[in-house]
Amino acid sequence: MRRAATAALLAFFISIPLWVANLYVLHVLIVTGIFTIAAMSLNLLLGYTGQLSLGHVAFFGIGAYVSSLASLGFSVHLAPDWLVTLGPQPVWLAMLWAIAISGFCGWAIGRISFKVRGAYFVIVTISFAEVVRLVALNWDELTNGPMALNNIPPLTVSIPGLIEFSFIGKVANYYLVLAAAIVAYVVIARLVHSQAGRAMIALKENEPLAMSVGIEVTRYLVLSAVVSAAIAGMAGALYAQYIQIVDPNIFLFIYTVTMVIMVVVGGKGTLAGPIVGGLIFGLLPEGLRSLQIQPELQWVAYGVMMILIVSIVPRGIVPALAHVWNDRVRAKAGPAEASEAGARQAAQ
Amino acid sequence: MEEFFQHCVNAFMLGGIYALLGIGLTLIFGIMRVVNFTHGELYSFGAYMMFALVMLLHVNFFLALPLAMALGVALGAAIEFTLLRKLRGADIDTTMLVMIGAWIAMQNLEQFAWSGVAKSVKTPFPATPLVLGGLSVAWSRLFVFAVAIVLIGGTYTLVDRTRLGRAMRATFQDSDAAKLMGVDIDRVYLSTFALGSGLAAAAGALLGPIFVVSPGMGDLAALKAFAVVILGGLGSIAGATIGGFLLAFIEEMGAGYVSSGYRDAMGFLLIILVLVVRPTGLFSRKERIG
């Protein structure tokens, strides 16, 4: 049942470019997909370890900048007489660099910010994102500052003598993003179902208790931050090579908010949650745009909808639907099975 | 030396503003456990009310200032009553997201109402600065500093000396116990949020006329207020005051002698440094780990 549903959903996503000819719709889906990947990575931190990071866009932006800089090449003075130069690298290598360096930043930032919890953690993560944005804005020599990095080459896959293929155009990028999303989903699913994942959930539920049974809390928090940052960096690299221009506005707080709202509305701590929330909040701005009202009022509506959805289903859509589904199962089944379903739900 | 003195003057003025912003945020944060993302919007609301009152309605500048602050108090009370009252007992993520939603809606409403063009407010201060033995200080900056000090002192007295203040402190320590002792929690929350909002609006109303009034001005102000709260510790008025002035001095000196592009990064770098060296914060007595 579950497998069949997953296969049907996958077939649906794969078939979309076959019957959607409108390039703008495909563009919206690609960008939605990229942010959904970022939301999935944030879910690992927010949903499974319970730490609300409001600086997640930092890793997304670092991924975008690293992959762009590596694929374009750069030369920068690290000291007045110390010039570091890197020639243009193949894009696939640049993207791997983006993933590695984002993951490293996740480690470094995690080590520092996991010293605090709760609202302090939230503020610290916002601060990190802001510092990274200011660096991107001011380090002209490396990042070109507000002038942006332009003409970022698209991903090219080549096996000498056999094939050479560039991901140019909407359809190719759609499949690239879909493939990346599947990879990210599998990595995250594997992680949360492993021993490390159970440790993360344990420390989310009750940190002192988790610590007392010998779970090294900081180690698992940092592990989740590294994986989460690396996947967010991958999403950023995909974004850069698709949009082909990166400027410091990529670090704007509103992108973090978008990721967080995708996770929370879909259902944090569920694998399907960020996908459901990602589709809703990826497509919502486009739906609001079709209302033909001023952009400011569209954003006002966005904010109001955010308040309403969060107030109505604070735990998210996927858990709420699961709840309704379980209730129905319970109503049909006998009392014995019902209590079993209830116990399973409680266990979740 | 002249330059250094000028930086000091600026730092004192900015420090007063940061302290006002930080005190408002730290009270709301400490007593209500709400990370108030609308704080920056209250700041820009105060500045826009100043613009509307002085430039459009031609109200006297010194009368407009308390009026703008009162409007900020009213708006804060309205936010508390319509949004936060329903969220008592909700987890911190839910409350935070509702406040982020409110922030997005308010900021765009503001941009819609006032357009994206920056506005300036005329001040009644003489253009010639006050000269004290070779050193000159602009009257407007002196005024901002003086009013900020009065407001900080007033808030401190309110929290430390009055019945309401005692109820606020009791709620901060243990809201359940305070409720059992007969403290009207709803009233404390409403007053706290309205007071914090009023202080943010006052900060905007003071600083708006010195610089310009624009729709995005609240974002940076909110980030600064967050930085002040981290530096000063949870719910501590004294900590927020010291934190505010400290942040202003570091920013001003950093911008003057290191790099002006990184001016706004100084505070955040300071936060990171504080966390590495002393994760409990500079002035907080309470643990914030775990």
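Data block above holds the structure.
Residues numbered from 1 in each chain as written. Chains lettered and ligands numbered in written order. Predicted model: local features only at pLDDT ≥ 70, side-chain atom pairs only at ≥ 80, totals over all residues. Heavy atoms only, no water.

Any details on the overall build of chain A? Residues and values, ideally.
When its secondary structure is counted, chain A shows 15 helices and four strands. Against the 2.2 N^0.38 benchmark of 20 Å for 348 residues, chain A shows a C-alpha radius of gyration of 21 Å, consistent with a compact globule. C-alpha atoms of chain A, sized along the principal axes, occupy 75 × 55 × 50 Å. Every one of the 348 residues in chain A was classed for burial, and the buried ones make up 51%. The contacts in chain A between residues at least 6 apart in sequence include a share of 74% that link residues at least 24 apart. Charge-centre separation for chain A: the mean point of 18 positive side chains lies 13 Å from the mean point of 14 negative side chains. (Helix = DSSP H or I, 4+ residues; strand = E, 2+ residues; numbered from the N terminus. Rg over C-alpha atoms; globule rule 2.2 N^0.38 Å. Buried < 20%, exposed > 50% of the residue type's maximum accessible area, 1.4 Å probe, protein only. Contact = heavy atoms within 4.5 Å. Lys, Arg positive; Asp, Glu negative; His and termini not counted. Charge placed at Lys NZ, Arg CZ, Asp CG, Glu CD.)

Could you give me a rundown of the interface of chain B and chain A, with the residues and numbers involved?
On the side of chain A, 41 residues touch chain B, which itself brings 42 residues to the contact. Overall, the association of chain B and chain A removes approximately 3700 Å² of surface from exposure, summing both partners, and the carbon and sulfur fraction of that is 81%. Inspection of the region where chain B meets chain A yields zero salt bridges. Put simply, chain B and chain A have zero residue pairs in polar contact (both at pLDDT 80 or more) between them. Of all elements in the fold, only helix 4 (92-114), helix 9 (217-232) and helix 11 (263-277) of chain B reach the threshold of two or more residues within the side of chain B that touches chain A. Here the side of chain B that touches chain A takes 16 residues from helix 4 of chain B, the largest share from any one element. Along the lines of polarity and charge, the residues of the side of chain B that touches chain A split into 31 nonpolar, seven polar and four charged. (Buried area = accessible area lost by both parts, 1.4 Å probe. Salt bridge = Lys/Arg side-chain N within 4 Å of Asp/Glu carboxyl O. Polar contact = N/O pair within 3.5 Å; in protein donor to acceptor, adjacent residues only side chain to side chain. Nonpolar A, V, L, I, M, F, W, Y, C, P; charged D, E, K, R; others polar.)

Which residues make up the nonpolar core, and what are the values?
Residues Ile37, Leu54 and Phe60 of chain A together with Phe37 and Ile100 of chain B are the most contacted members of the largest nonpolar core, which totals 204 residues. No other element matches helix 10 (residues 217-243) of chain A, which puts 16 residues into this core. Not counting the four nearest positions on each side in its chain, Ile37 of chain A is found in contact with Val177, Ala180, Ala181, Ala184, Ile231, Met234, Ala235 and Leu238 of chain A. (Core = buried A, V, L, I, M, F, W, Y, C linked by side-chain atoms within 4.5 Å.)

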